[in-house]
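# Geometric and topological summary
Letter by letter, the chains look like this.
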Amino acid sequence: MPDTLCLWLRHETRPNEHRAALVPADARRLVEAGIRLTVEESTQRVFPVHEYASVGCQIAPQNSWPSRCPAQGYVLGLKELPDLPARLRHRHIFFGHAYKGQTGAEALLRRFEAGGGVLLDLESLVDADGRRLAAFGHWAGYAGASLAVLHRRGRLVAPLARLSRPELDERLRCSVAGESLTAVVIGAHGRSGRGACEALRTAGVEPSRWNSAETRCLDRDALLAHDILVNAIGTSVPVGPFLTEEDLYDPQRRLSVIGDVTCDVGSRLNALPIHDRATDWEHPVERLCRRPTALDVIALDNLPSLLPTEASRAFSAELWPLLLELREDSPVWERCLNAFRRAAGSLTDE
């Protein structure tokens, strides 16, 4: 790895993506450690670009990384890349969602193959035991459970807009007179699950907490008896479906809202095959069926962007020390690189 590290924080092109992988306070730490840090201007990032300039970052025009980032630089982001350039020559750090057979995964990997670049997928940023070292899970769970409660209470306003946590919590605490909501969180001991449970408690709902023991011998009658299901599992191997088409039309079903935080739609790991696409900020809710009672799903794949300030600060705090290790022969980044090599090596000749 080079002694003088060039890191380039790109603008996020996805609409309604307000987060930053690195916040200004932590950008200062990297600059002070001798890293050359460039930050692109952005029309939607929650942190204004002048805050990065004030801590010593260089500023570049929005979407200028393809032509202006040095060949040996690292391009840092969160969500998907724009369609161009077709050939990716840089080393990119972001959530590629390309190793589980997701839609578009092969096309992305072939762009790296064509340009000679590398994907260091943030999902593969793990310790020796496979535990994630930097993740948005807590705030994904918090936002996902919050939206499920607000929808169940008839108070979810679309299109969605970013909020601060105090604003969201104020909405959660406004319960409906006489209500007695029940909720189950599957994957309750993980980051996302803990965040979901915290949001539900803020809303005055004490959730049932299910983990592998409960899903190994799934009690679907008990699952269907809840008002809200929050799917917050994290798995690298397929699991049996939590719900089937038959369950939707069970006459005893009380379940009316699903918050699919995991959102593995289009993947072999999808534990909720009753829906096959993500929802969006304009239309966050999809109706799955109308009888015997309505059942809706919320499946946003950038939930933490609902709370971009809190989510970005928490993620950046975990990430910035690891970025310093890019200058070393770090086993953390070697694991990321090896994951990419395995995925790229599995591509078949066209």
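Residues numbered from 1 in each chain as written. Predicted model: local features only at pLDDT ≥ 70, side-chain atom pairs only at ≥ 80, totals over all residues. Heavy atoms only, no water.

## Regarding the layout of surface pockets
Here is the rule: Of the two site types, the cavity is a set of points on a 1 Å grid over the protein atoms alone where a 1.4 Å probe fits but cannot get out, and the pocket is an open set with protein on both sides within 12 Å along at least five of seven lines, each lined by residues with an atom within 4 Å of a point. Grid points are joined across faces, edges and corners, and a volume is the space filled by probe spheres set on the points. For this classification, the nonpolar set comprises Ala, Val, Leu, Ile, Met, Phe, Trp, Tyr, Cys and Pro, the charged set comprises Asp, Glu, Lys and Arg, and every other residue, Gly included, is treated as polar.
Approximately 150 Å³ is the volume found for the second largest pocket. For the second largest pocket, the full set of lining residues is Arg14, Pro15, Asn16, Ala278, Thr279, Asp280, Trp281, Glu282, Asp301 and Asn302. For the lining of the second largest pocket, the class distribution of residues is 3 nonpolar, 3 polar and 4 charged.

## Focus on the sheet that holds strand 10 (residues 257–260)
To keep it simple, the criterion reads: At least two DSSP bridges between two strands are needed for those strands to be called paired. Under the DSSP-based scheme used, a helix requires at least four consecutive residues in state H or I and a strand at least two consecutive residues in state E, with every element numbered from the N terminus. Orientation is described by axes fitted as lines to C-alpha atoms, over the contacting stretch for helices, and by angles from 0 to 180 degrees between their N-to-C directions. Residue contacts are defined here by distance: any two heavy atoms, one from each residue, within 4.5 Å place the two residues in contact.
What the 6 strands build is an open sheet, ordered 8-7-9-10-12-11; its pairing is mixed. Each having just a single partner strand, strand 8 (208–210) and strand 11 (285–289) make up the two edges of the open sheet. Between one strand axis and the next, the sheet turns through 20 degrees on average, direction left out of account. Here helix 7 (residues 191–202) sits on the sheet and contacts strand 7 (183–186), strand 8 and strand 9 (228–231); the angle it forms with strand 7, its principal contact strand, is near 165 degrees.

## Some thoughts on the packing of aromatic side chains
The line we're drawing: Pairing of aromatic rings covers Phe, Tyr and Trp, the last through its six-membered ring, and needs centres within 6.5 Å; plane angles under 30 degrees mean stacked, over 60 mean edge-to-face, and all others mean tilted. Partly exposed residues are those whose accessible area sits between 20% and 50% of the maximum for their type, while under 20% is buried and over 50% is exposed, using a 1.4 Å probe and protein chains only.
Using the criterion set out here, one finds 5 aromatic pairs in the structure. Between Phe95 and Phe315, the ring centres sit 6.0 Å apart and the planes meet at 50 degrees, which makes this aromatic pair tilted. Pair noted here: Phe95 is in the loop between strand 5 (91–94) and helix 4 (105–115) and Phe315 is in helix 11 (residues 308–324), with a separation of 220 residues, a long-range link. Taking relative accessible area as the criterion, Phe95 reaches 9% and is therefore assigned buried. Ring geometry for Trp139 and Tyr142: centres 5.5 Å apart, planes at 55 degrees, overall tilted. Of the two residues, Trp139 and Tyr142 are both situated in helix 5 (residues 137–152); the distance of 3 residues between them amounts to about one turn of the helix.

## Some words on the sheet that holds strand 4 (residues 74–76)
If you walk across this open sheet you meet the 6 strands as 3-2-1-4-5-6, and the pairing is parallel. In the strand order of this sheet, the two ends are held by strand 3 (58–60) and strand 6 (118–121), each with one partner. Strand-to-strand twist in this sheet, taken as the mean axis angle between neighbours without regard to direction, amounts to 25 degrees. Pairing geometry for strand 1 (residues 6–9) and strand 4, over 3 bridges, is parallel. Among the inter-strand pairings, Leu7 is bridged to a residue of strand 4, identified as Tyr74.

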